[in-house]
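# Observations on the model geometry
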Amino acid sequence: MKKETPVKGNNKNWGMIGINLALSLISVYLFEFWFKEVIALENMVQKVENIAIVILTAVTYFIAKTYYIKGVANTAKKILILLGLSASILGLMLLSVKVPADAIYPFSGVLLVSIAFYMLSLSAGTLNTIGIVGLALIFAIPITFLKWFNTIGWDMTIELTQFSIFIILFLGGTWSQIRSAMHGIRGVNSTESGIGDEGDGDGDTGNE
């Protein structure tokens, strides 16, 4: 059964909230800065290569997270696919670097995608698919109508969309810590982890 326990180390909750706030900002706004810097490159092939690196990295993480692996054949297939994608990413990274200073673009792109996927994974675990879709609709509906009636321009539409994504990632990544910091207690399972924490709901036995 779940039990209510006092939350110790409230400062830790606020610390985690601060860290996830920074990661959410990085996932949205620093990625925008990276994209503008890549688009500003003079070499068109280099632009395409860096953008392809980011896309392939996101695809690699998605397959690693969701690919069905029950059975030896499926496990082997997943490993081969991930190895192929990883080799492709490394190859593109080498091709995109013309001088040592160029290495900052593919490296930072992979880093930003990794942070964004991490925050998305946290949000999916806490809000689940229904929560993410619900929040997305809540934000998307007013933005869509404002643009439809030309109340706002494309620049504002993009800014509001970015802000919406930031809010979804932030809430999804920090909801359990926010609740703990605000109320001082939270529901925990037999492993002493809270809702949204690693281990919550794992191996449902009826006593969680």
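These remarks concern the structure in this document. (Residues numbered from 1 in each chain as written. Predicted model: local features only at pLDDT ≥ 70, side-chain atom pairs only at ≥ 80, totals over all residues. Heavy atoms only, no water.)

## Side note on the nonpolar core
Judged by nonpolar contacts, I17, L23, V28, I115, M119, F166, I167, L169, F170, I178 and A181 together constitute the single largest core of eleven residues. Where this core is concerned, the elements lending two or more residues are α1 (10-39), α4 (104-148) and α5 (154-183). Considering each element in turn, this core owes the most residues, six residues, to α5. With sequence-adjacent residues up to four places away left out, V28 is seen in contact with Q162, I165, F166 and L169. With seven residues, the next largest nonpolar core counts W34, Y105, L112 and V113 among its residues. (Core = buried A, V, L, I, M, F, W, Y, C linked by side-chain atoms within 4.5 Å. Buried < 20%, exposed > 50% of the residue type's maximum accessible area, 1.4 Å probe, protein only. Helix = DSSP H or I, 4+ residues; strand = E, 2+ residues; numbered from the N terminus. Contact = heavy atoms within 4.5 Å.)

## A short note on the packing of aromatic side chains
With the rule as written, the count across this model stands at six aromatic pairs. Ring geometry for Y29 versus F166: centroids 6.5 Å apart, planes at 55°, classification tilted. One end of the pair, Y29, is in helix α1; the other, F166, is in helix α5, and 137 residues separate them in sequence. Given the relative accessible area of 30%, Y29 is considered partly exposed. A relative accessible area of 9% places F166 in the buried class. Grouped by ring-pair contacts, the aromatic residues Y29, F163, F166 and F170 constitute a single cluster. Over the ring of W154 we find K147, and its NZ or CZ is 4.5 Å from the ring centre. (Phe/Tyr/Trp six-rings, centres within 6.5 Å; stacked < 30°, edge-to-face > 60°. Lys NZ or Arg CZ within 6 Å of the ring centre and 35° of its normal.)

## Here's the deal with helix α2 (residues 44-66)
When the terminal C-alpha atoms of α2 are compared, their 33 Å separation across 23 residues agrees well with the 33 Å that a helix rising 1.5 Å per residue should span. Looking at α2, one finds that the buried residues are Q46, K47, E49, N50, I53, V54, T57, T60 and I63. Tucked into the core, α2 has its buried residues touching α1, α3 (72-96) and α4. (Expected span 1.5 Å × (residues − 1).)

## A few points about a nonpolar patch on the surface
On the surface, V133, L137, I141, F145, W148 and F149 cluster together into a nonpolar patch covering about 710 Å² of accessible area. Summarising the element assignment, F145 is placed in helix α4. Classification of F145 by relative accessible area gives partly exposed; the value is 48%. (Patch = residues over 30% accessible without salt bridge, like charges linked within 9 Å, V, L, I, M, F, W, Y side chains within 5 Å. Areas by Shrake-Rupley, 256 points an atom, 1.4 Å probe, with all protein chains shown as cover. Salt bridge = Lys/Arg side-chain N within 4 Å of Asp/Glu carboxyl O.)

## Focus: the packing of α2 against α3
Between α2 and α3, the shortest axis-to-axis distance is 9 Å and the interhelical angle comes to 160°. In terms of axis orientation, α2 runs roughly antiparallel to α3. Between α2 and α3 lies a crossing of left-handed hand. Two secondary-structure elements touch here, α2 through Q46, E49, N50, A52, I53, L56, T57, V59, T60, I63 and A64 and α3 through K78, I81, L82, L85, S88, I89, L92, M93, L95 and S96. Split by residue class, the contact of α2 with α3 holds 13 nonpolar, six polar and two charged. (Axes fitted to C-alpha atoms, helices over the stretch in contact; angles between N-to-C directions. Parallel < 35°, antiparallel > 145°, perpendicular 65-115°, else oblique. Left-handed = near helix turned anticlockwise from the far one by under 90°. Nonpolar A, V, L, I, M, F, W, Y, C, P; charged D, E, K, R; others polar.)

## A closer look at the pattern of salt bridges
Applying the stated criterion across every chain, the model contains one salt bridge. For the salt bridge of K36 with E32, the shortest nitrogen-to-oxygen distance reads 3.2 Å. With K36 and E32 both in helix α1, this residue pair falls four residues apart, about one helical turn. We classify K36 as exposed; its relative accessible area is 52%.

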